[in-house]
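Letter by letter, the chains look like this.
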Amino acid sequence: MSENREWMYRRFLPDGAFNPAFVRGLQEFIDFANSREDLMDGHKIRCPCRRCDNIKFHTSRNVQYHISKNGFVLNYHIWRFHGELEMMATEYNQFDADDDNEDDQSTYHNMAIDVAASQFNIEQPPNPEAQQLYDMLSDADRELWPGCKTHSQLSLVARLMCLKAEGNMSERCFDQWLELIKEILPEHNLAPNNFYSTKKLLSEMGLPVEKIDCCRNNCMLFWGEDSEDIECKHCNEPRYQQSDTSSACSSRTLVAVKKMFYFPLTPRLQRLYASKATAADMRWHASSVDDGIMRHPADSPTWKHLSQKFPSFAEESRNVRLGLSTDGFQPFGQLGQQYSSWPVIVTPYN
Ligand SMILES: [Zn+2]
Ligand SMILES: [Zn+2]
């Protein structure tokens, strides 16, 4: 693709008329984009106009109109969203870089390989966050005591927490059991000492919880660009509890009137792809066969309707479909009428 693409950003001649080179080039671009059916959405192509920024798909006619009106998005000399980089990668593989333009070519080459790796299943090393998790896991996966074959520190901790939750065990009871387990185990074992250290070990696995302050009347969250506000921008209720004895409460101990717990979604979804087993499950819905029997949300008309409506989303089976549900309850029964909790639960349907 050595041809000159200057025409892309010279839409008009000095007298204000369309530049014939632009009109010609635009037609070439449209033809090129239409030659790569695999990158199209049905008969629509990605629109590289300044507004759509290669995100939206439109018919050729509309794309032509958009580009004439808005111009090409800046620095789009290589039509990489329309398949040009892959072609260049193969071209440069054939001719070894012996040209005068070596630098340029190797950058293009690397870019092409990046794109290729993300499009095809080439194994890549984990990113730093994933690597950190794997390191932590292998660290916690040590044998419970020298020579132990049945449990690792991690498996014990996970089991214990599960028992605690299922049996509704108090922290005190948990600590006492742990004490007993520690006594029974051989010396130099890695069993945690108490609930606190158990929880700490698990929290290092890094699925954080955020506490976000909210308005007393539920109008807004003090989050994002509002995170520094001290009163609600809708009802002007203060964010923090007002101290009646102003001297006792210094500015250091601000207590929010209301808080919500947020379990950040993105790292949890990423985690589903961090293990081979769950990553395969996340794509299971794409391999299920439609035999007319309803077994999974993927068999439902709603699922299919969504796929039809958003074909480019449906095309990538790794995209996550989430169901959202919520219901209110009174945590203290009828006794505490003034309290209510509304958990909002998001479930991946893949
Ligand atoms: Zn456009
Ligand atoms: Zn408010």
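Refer to the preceding data block for the structure.
Overview of the structure.

Procedures and definitions
Residues numbered from 1 in each chain as written. Chains lettered and ligands numbered in written order. Predicted model: local features only at pLDDT ≥ 70, side-chain atom pairs only at ≥ 80, totals over all residues. Heavy atoms only, no water. Donors = N, O, S within 2.8 Å, 3.2 Å for Na, K, Ca; no water. Tetrahedral: all angles 85-135°; square planar, octahedral: opposite > 155°, others 65-115°. Buried < 20%, exposed > 50% of the residue type's maximum accessible area, 1.4 Å probe, protein only. Helix = DSSP H or I, 4+ residues; strand = E, 2+ residues; numbered from the N terminus. Expected span 1.5 Å × (residues − 1). Arc of directions from axis to C-beta. Contact = heavy atoms within 4.5 Å. Salt bridge = Lys/Arg side-chain N within 4 Å of Asp/Glu carboxyl O. Phe/Tyr/Trp six-rings, centres within 6.5 Å; stacked < 30°, edge-to-face > 60°. Lys NZ or Arg CZ within 6 Å of the ring centre and 35° of its normal.

### Notes on the coordination of the zinc ion (ligand 2)
And then number 1: The coordination sphere of the zinc ion (ligand 2), as far as protein atoms go, consists of Cys215 (SG), Cys219 (SG), Cys232 (SG) and Cys235 (SG), spread over 2.3 Å.
And then number 2: Angles of 105 to 115° at the metal separate the four donor atoms of the zinc ion (ligand 2), which places the site in the tetrahedral class.
And then number 3: Sequence spacing of the donor residues for the zinc ion (ligand 2), all on one chain, is C-x3-C-x12-C-x2-C.
And then number 4: A relative accessible area of 1% places Cys215 in the buried class.
And then number 5: Since its relative accessible area comes to 35%, Cys219 is described here as partly exposed.

### Looking at helix 6 (residues 153-167)
And then number 1: Its 15 residues give helix 6 an end-to-end C-alpha distance of 21 Å, which sits within 8% of 21 Å, the value for a rise of 1.5 Å per residue.
And then number 2: Among all positions in helix 6, only Gln153, Leu154, Leu156, Val157, Leu160 and Lys164 are buried. For helix 6, the arc enclosing every buried residue in end-on projection is 165°, short of the 170-degree limit, so these residues lie on one face. Projecting away from the buried face of helix 6 at angles above 90 degrees are the exposed residues Arg159, Ala165 and Glu166.
And then number 3: Buried residues along helix 6 sit against helix 5 (128-140), helix 7 (171-184) and helix 8 (195-203).

### A few points about the pattern of salt bridges
And then number 1: Within this structure, the stated rule accounts for seven salt bridges.
And then number 2: Arg5 is the partner of Glu84 in a salt bridge, and the nearest nitrogen-oxygen pair spans 3.0 Å. Residue Glu84 is located in helix 3 (residues 84-94), and its partner Arg5 is located in the segment before helix 1 (20-34); the two are separated by 79 residues in the primary sequence. Pair check on accessibility: Glu84 and Arg5 agree, each one buried.

### Some points on helix 5
And then number 1: An ideal rise of 1.5 Å per residue puts 18 Å on 13 residues; helix 5 measures up with 18 Å between its terminal C-alpha atoms.
And then number 2: Three or more residues of helix 5 are buried, namely Ala130, Leu133 and Ala140. An end-on view of helix 5 places all buried positions within 95° of arc, on one side of the element. Of the exposed residues in helix 5, those oriented more than 90 degrees away from the buried face are Pro128, Gln132 and Ser138.
And then number 3: Buried-residue contacts for helix 5 involve helix 6 and helix 9 (265-272).

### Things to note about the packing of aromatic side chains
And then number 1: Inspection of every chain in the model, using the stated rule, returns twelve aromatic pairs.
And then number 2: Each ring, one from Phe18 and one from Phe22, has its centre 6.2 Å from the other, and the planes form 10°; the classification is stacked.
And then number 3: Phe18 gets classed as partly exposed once you look at its relative accessible area, which sits at 39%.
And then number 4: With a centroid separation of 5.0 Å and 80° between ring planes, the pair formed by Phe29 and Trp79 is classed as edge-to-face. Taken as a pair, Phe29 in helix 1 and Trp79 in the loop between helix 2 (60-70) and helix 3 lie far apart in primary sequence, 50 residues in all. One exposure class covers both Phe29 and Trp79, and it is buried.
And then number 5: We note Arg5 situated over the ring of Trp79; from NZ or CZ to the ring centre the distance is 3.5 Å.
And then number 6: A cation sits over an aromatic face here: Lys164 above Phe195, 4.9 Å from the ring centre.

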